[in-house]
Each structure stands twice: as C-alpha cells, then as structure tokens.
Amino acid sequence: MAVVFERPHALCDVRLHYCAGCTHGIIHRLVCEVIDEMGIEGETVGVCPVGCSVFAYNYFNCDMIEAPHGRAPAVATGVKRARPDLNVFTYQGDGDLAAIGTAETVHAATRGENIVVIFVNNTTYGMTGGQMAPTTLPGQVTTTTPYGRDPKANGYPIRVCEMLSTLTGTAYAVRTAVDTVPHIRETKKAIRKAFENQKAGKGFSIVEVLSTCPSNWGMTPKESIKRLQEECMPYYPLGVYKDIDAEGGETK
Amino acid sequence: MEKVLMKGNEALAEAAIRAGCKCFFGYPITPQTELSEYLSKQMPKRGGVFLQAESEVAAINMVLGAAATGTRVMTSSSSPGVSLKSEGISYIAGSDVPAVIINVQRGGPGLGGIQPSQADYWQATKGLGHGDFHLIVLAPSSVQEVVDLVSRAFDLGDQYRVPVMLLSDGLLGQMMEPVSFPEITAKEVDKSDWAANGTKMARKHHIVNSLYIEANDLEDIVKERYARYAVIEAEESDAEAYQTEDADIVVVAYGATSRVVKSAVNKARAEGIKVGMLRPITLWPFPKKQLCAACENAKAVLTVEMSMGQMVDDVKLALECKKPVSFFGRTGGVIPTPAEVYAEIVKLNGGAK
Amino acid sequence: MAKMTVIFDRCKGCELCTTACPKHIVAIQHEKRNKEGVFTAVCTDDDACIGCAMCAMMCPDCAIVIEK
C-alpha cells in the first residue's frame, strides 16, 4: 500500500493551535497543497495577519512575515515590488481584511497588485473572543452585539468579493466554502487559479472562504457547518464574482 | 569634486538612490513632497521602485515588506505623516529589519503648520511608536550633510538591523545649496540569515515577526536588542564641536537651528565673548561624551531649538545637572534669528557691557 | 484494499471527518484519550474503507493519513 493522502510538505509538521473543528486548518492545508503541486515553496513568501491566524507563520514552511493588523496587503505589496520574482500571498481574517485593513485591501486591489489574498470569513473576531466583525450577520449575537447585530446601530455586513469585483485592478474574486468535500475541492481549485494568476502576472486575486468559528458561535463543529450553510451562504452567495479570463471579464 | 545647486529634499532623494536605495514608498505631504516627486521621476529610470501608497500607514508597511526581503528601502514624510507611520516603525523595530525613514519636520501638534520646526525631537528620540525600542536618529544641518548622512543611515540600518531616521526640517528640505555627491560604496551586509526572500528549499523558513506570546521570550528578544543599542551608543554617537575649547558658554543646537546659532556665536566671539557650539549629529544615541567634553570648562549652557524645549532635557541629563542649562526657542514654524540668540548669549555672559 | 489512520495525538475529536465518510465507518472512540484529553476518531470497519480520503480532506488538523 502507498500513502495517497498526507500532510503537504509546505505545511509544517506541528499541531495547529486552532480550536477543534475550526476550518482554518483545512484552508491552511489547501494553500499548502497548491504550493506543493506548483512546486513553488522555495520562492514563496506568505504574510500573516493579526487574528486567529496570527501564528500562521509557524505553520507554513515557506518564508513568512507577520504584518500589523490589517496591513498584510501593504506588506505583501512591499515584498512583491521589491522582489517580483517571489510568489506572495496574504492570509487574513474578516476583521483584519474588511475592518481595520479595508484601505489596504481596496488599494492593493485597485492597483492590480500581483498578489494572492486568502480571505477567511467566519463572521466574527475569533482571537479576541467573538466580537462583532464587519461581516457579522444582521441579528447575529456576538460579545459586542449581545442583543444581535442591529443594522440601524451597527451598519450592515460587507460583501467583500462583490465590492472588490467592481475594481478594474481585480483580476479574480471568488467566494467558496469549506463545509463539504465538494466545496473544499472547489476552494482548492480557486486557490490554485489565484496562484496561477500571479505566476502569469494577471494582478490581484482574492479567494474568500466562508469558514466556521465553533468556539465563538457557541456551537459544536457539526452545528457550525450547518449554520454556515443555512445562515452564512444565503447572505454570502458562493461563486466567481470576477474573472478577467472569463468572457467579458466578469461572470456575476 | 563637482558641485551642483540643489534643493535639500531633491539632494536627499538623489543621495538615497546613490546609496543603493531600491524601493521608495511614500505619501504626499508638505514640506517633503519634492523628495517623492524626484524619486518618482528617477527610480523607474535607475532600476528602482517608486510607489505612492494610499496612506502613510500603508507606505510604512510596504517598507516593512520590502525591508523583510533584505532590500534597501526608504520612506519620507513630515510630522503628521510620521505620527501615522509610528505603528509600522514599531513593527519594523520589533522585527529587526533595517529601513530609512525621513522626517522633514513642520510645526505641530495636530495639522500644525507647514513651516520648519524641530518639535518632533521627543517623538524621534523617545516615543516613535509603542514598546521598548530606539531608532538611530541623524540630524543634518546643511544640504551637503543631508547627502552625506543618507548613505550613513542605510549603512547603520543594515549593520545593526534597526530603523534609522533622518530628522530634517522644512528649512533644510526647501533651501538650495551647492552640493557634491561623493563616490559611495554601500557596505555589503550579509542578510541571508534572516531575510524572507524564499527558502529555495535549501534552508529552514525565515520568519520576520515581532510577536512573542511567552513573556520570557519577549523579554529575551528585547534585551538582545538593547545589547545592540548599547553597542550603538558606544560606537556611533557623533557631534560637531565649534569653538568650544576655551568656551565659558556652550550653546547646544542641532539641524537648521545650529546655522543660526553659528552666526550668533561668530558675532559674540567678535565681541570677545568666549562662546562655542556643540551640534549633535546623532540625536539618538545622544552625544553625551562629546557634550560633556565641550562643556568641561563652561560656566553656562544654552540650548536653542525650534520647539518649546525638547532636546534641553537630554542636555541636562548628559551634564547630570552639574552645569546651569537654559533654553531659548521659537516654535510653530518661527525660525529664531541670530540677533535673538546673540542676545541670549550676551545675557548669559552677564549682560551688555 | 485501503487504510485510514488517525494520527492519535493530532486529532481534536471535532467529528467533521465522521460527516464526510460516504461509508459511514468513521466514528469517535470512547475508550482512550490522547495527550490532549480527546477521544479521537477511528475507522470502525477497515475492510469497508475505500480510501476515498474524504475524511482526510475534511480534517482541519491534517490528522488523517490514507494508504491505498
């Protein structure tokens, strides 16, 4: 018998610190599988955020940089401009990317910065203990919206892919999920396409992955998957929001 | 060597390119904008990168990214913009990567004004961001010295893996002076043991990071950094002593202010007053030894600044309060005149005779 | 012939693998805790495993190895 499935080389052989059932680990693995399959680990630099994935630099075997909160796209820009030969990706959560780092995200996209952004949307601030995120759904209870997010007081959630797809500099914006094996396969395909775009110099690619946070949602991992499907996906529809390779440049 | 007439900001930009600066990330702000404009024209022609960021916050983080790859990188701004950069500067210091930051100072606080100022001395030398750290701070007083200190800033940054600030001001930035560009050989520093520039599958991955979740680990790394700071303090402090050998009165001034003070000292000398000037070139490390030596026989010390008095604290500390230290300054963008400084010197000398 | 192996100390007992298995032969065992104090996932019927790796793909902790 031969091993047909095991940890990709680009993923360090260590225990991940994430809570049981947190889907960050799946997304880490998918990025690493793509890096392995493209054979680019030695020429890749990752930029991690502040948030639950702040320790991602301990998990990716490629060179890693830890950015200030929200600034990963700017740090990645610095890396890519200084060394265009390197493959550069950021790995960011929703608070990092869509609240404190909105300007950096939008401007990296509009510049058509030739980088990959992996955006993990779990509708909450995980690391600090479940506060309202820019992507928290209306009515969702968090530690800072104890009566549920009221759009009148707290505004509405941001749909990042929809927003970025309006920018000319965005090459590829796609929303996927990791709730089922078919969706996991689609997520991997999207990540692969994003990295291929960078290789081909096509510009800014973002893969938004709907993810779970069992601990802060107050649910079991299985219940969290159910919530992802029943509550998150209707608000954040999966699909390709922009693809410059597609006919007409956009599909949604 | 051939001299050309150049504006301070443009000379600084040219000197940076010659010192091997490969990337510049900035955001427009008066009175440093000519520096960015010059680089936007020159960098693409000379194999470098110029990028106008969406904010000072983004610019300094681009600097962090480029610096992490081991590339010589610079940003420039003026006082309010430097405040915005302080977050990134703290991360750069905490990540032990070299970078050069230019502050062409203007009046503050808040939006303040756009005239020359030295009111960011505290910010530059004591409080540029959160946490236990220092930057090396260099203070030129002429366009030629701006040029000379830029290459030194890059070399010091690489050598000690620290951010280096060149503290200019609106006066030095905007004035034109003849300047020559000496042949520069950038010190070759091996960055292969820390730069995040791809493992090539030949080494363990490098992590450029300022996060240490275990308190003892963070204390250890900060102490290691402070050991480096101790070497910098011992080796790199610099100052110019002007007619201090027999001075009864020593005036301490840096940057553009020192030019005003020099005029006042010359006038006082012509009147027979034994006065000299000590001009710190490094503001951090503060040139304590040089100051103490210059003030050995002094009866009075006067600090002159374009602020309400920020360096004066360091002067008192360096002299351990053994000499009376007085202060004269103008602020808000007002430049002190030689006559005003001369009057202060005369006052210290016992009044008009 | 296929074999699914759970890396005992890496498993966090989240049960996501149990939902992914098309043969319904992955379950949590309640006999032995790992060093994290977790009852881990196991394959309950080695002979029925087809080596599709869907459990491994669903595992957030890379705690499953598949041989075929």
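Residues numbered from 1 in each chain as written. Chains lettered and ligands numbered in written order. Predicted model: local features only at pLDDT ≥ 70, side-chain atom pairs only at ≥ 80, totals over all residues. Heavy atoms only, no water.

(A) Structural context of the overall build of chain A. When helices and strands are tallied, chain A shows nine helices and eight strands. A compact globule built from 252 residues should have a C-alpha radius of gyration of about 18 Å, and chain A, at 17 Å, falls within 12% of that. Expressed along its principal axes, the backbone C-alpha trace of chain A runs to roughly 50 × 50 × 35 Å. Counting only residues that meet the buried cut, chain A has 63% of its 252 residues in that class. Total accessible area computed for chain A in this model is approximately 8,500 Å², and 54% of it derives from carbon and sulfur atoms. Measuring between centres, the 24 positive side-chain charges of chain A sit 2 Å from its 27 negative side-chain charges. (Helix = DSSP H or I, 4+ residues; strand = E, 2+ residues; numbered from the N terminus. Rg over C-alpha atoms; globule rule 2.2 N^0.38 Å. Buried < 20%, exposed > 50% of the residue type's maximum accessible area, 1.4 Å probe, protein only. Areas by Shrake-Rupley, 256 points an atom, 1.4 Å probe, with all protein chains shown as cover. Lys, Arg positive; Asp, Glu negative; His and termini not counted. Charge placed at Lys NZ, Arg CZ, Asp CG, Glu CD.)

(B) View of the sheet that holds strand β4 (residues 64-67) of chain C. The three strands lie next to each other as β1(A)-β4(C)-β1(C), forming an open sheet whose pairing is antiparallel. A strand with exactly one partner marks an edge of an open sheet, and here the two such strands are β1 (3-5) of chain A together with β1 (3-6) of chain C. Between one strand axis and the next, the sheet turns by 35 degrees as a mean value, whatever way the strands run. Of the strand pairs in this sheet, β1 of chain C and β4 of chain C are connected by four bridges, and their pairing is antiparallel. The residue bridging threonine 5 of chain C from the neighbouring strand is valine 65 of chain C, located in β4 of chain C. (Pairing = 2+ DSSP bridges. Axes fitted to C-alpha atoms, helices over the stretch in contact; angles between N-to-C directions.)

(C) Up close: the side chain of aspartate 96 of chain A. Residue and element names in this part refer to chain A. Looking at the element boundaries, aspartate 96 is found in helix α3 (residues 94-100). The side chain of aspartate 96 is buried and forms no salt bridge, while arginine 71, the nearest opposite charge, is found at 8.0 Å. Engagement of the side chain of aspartate 96 in a polar contact is seen with the backbone nitrogen of valine 50, the distance being 3.2 Å. Leave out the neighbours within four places in its chain, and aspartate 96 touches Pro49, Val50, Pro68, His69, Gly70 and Gly101. (Salt bridge = Lys/Arg side-chain N within 4 Å of Asp/Glu carboxyl O. Polar contact = N/O pair within 3.5 Å; in protein donor to acceptor, adjacent residues only side chain to side chain. Contact = heavy atoms within 4.5 Å.)

(D) Molecular detail of the interface of chain A and chain B. The interface is formed by 34 residues belonging to chain A together with 32 residues belonging to chain B. Buried surface at the junction of chain A and chain B, summed over both partners, amounts to about 2,600 Å²; 62% is from carbon and sulfur atoms. Along the contact surface separating chain A from chain B lie three salt bridges. Between glutamate 54 of chain B and arginine 111 of chain A there is a salt bridge, and its shortest N-O distance comes to 2.9 Å. Going through the elements one at a time, β3 (63-66), α2 (72-82) and α4 (102-110) of chain A are the ones with two or more residues in the side of chain A that touches chain B. (Buried area = accessible area lost by both parts, 1.4 Å probe.)

(E) Looking closely at the packing of α2 of chain A against helix α3 (residues 56-68) of chain B. Here α2 of chain A crosses α3 of chain B at 50 degrees, and the two axes come no closer than 6 Å. With respect to α3 of chain B, the element α2 of chain A is oriented oblique. Here α2 of chain A runs over α3 of chain B; the crossing is right-handed. Residue-level contacts link Ala74, Val75, Thr77, Gly78, Val79 and Ala82 of chain A of α2 of chain A to Ala58, Asn61, Met62, Leu64, Gly65 and Ala66 of chain B of α3 of chain B. Taken together, the residues that form the contact of α2 of chain A with α3 of chain B break down as eight nonpolar, four polar and no charged. (Parallel < 35°, antiparallel > 145°, perpendicular 65-115°, else oblique. Left-handed = near helix turned anticlockwise from the far one by under 90°. Nonpolar A, V, L, I, M, F, W, Y, C, P; charged D, E, K, R; others polar.)

(F) Representation of the arrangement of the chains in the model. Contacts are most numerous between chains A and B, considering all two pairs of chains that are in contact. When C-alpha atoms are compared, chain B and chain C, though not in contact, are closest at a spacing of 20 Å.

(G) Representation of the interface of chain C and chain A within the structure. Taken together, the contacts link 27 residues of chain C with 32 residues of chain A. Contact between chain C and chain A buries roughly 2,400 Å² in total, counting both sides, with carbon and sulfur atoms accounting for 66%. A salt bridge links glutamate 36 of chain C to arginine 15 of chain A, with the shortest nitrogen-to-oxygen separation between them at 3.3 Å. The interface formed by chain C and chain A holds 11 residue pairs in polar contact (both at pLDDT 80 or more) in total. Listing elements by their share of the side of chain C that touches chain A, those giving two or more residues are α1 (16-20), α2 (54-58) and β4 of chain C.

(H) The arrangement of the pattern of salt bridges in detail. Residues and elements named next belong to chain A. Under the counting rule described, the total for this entry stands at 45 salt bridges over all chains. The salt bridge involving glutamate 104 is made with arginine 71; its shortest N-O contact spans 3.3 Å. Linking glutamate 104 in helix α4 with arginine 71 in the loop between β3 and α2, this pair joins segments that are 33 residues apart in sequence. Residue classification places arginine 71 among the buried residues on the basis of a relative accessible area of 10%.

Distances and angles like these do not, on their own, reveal function.
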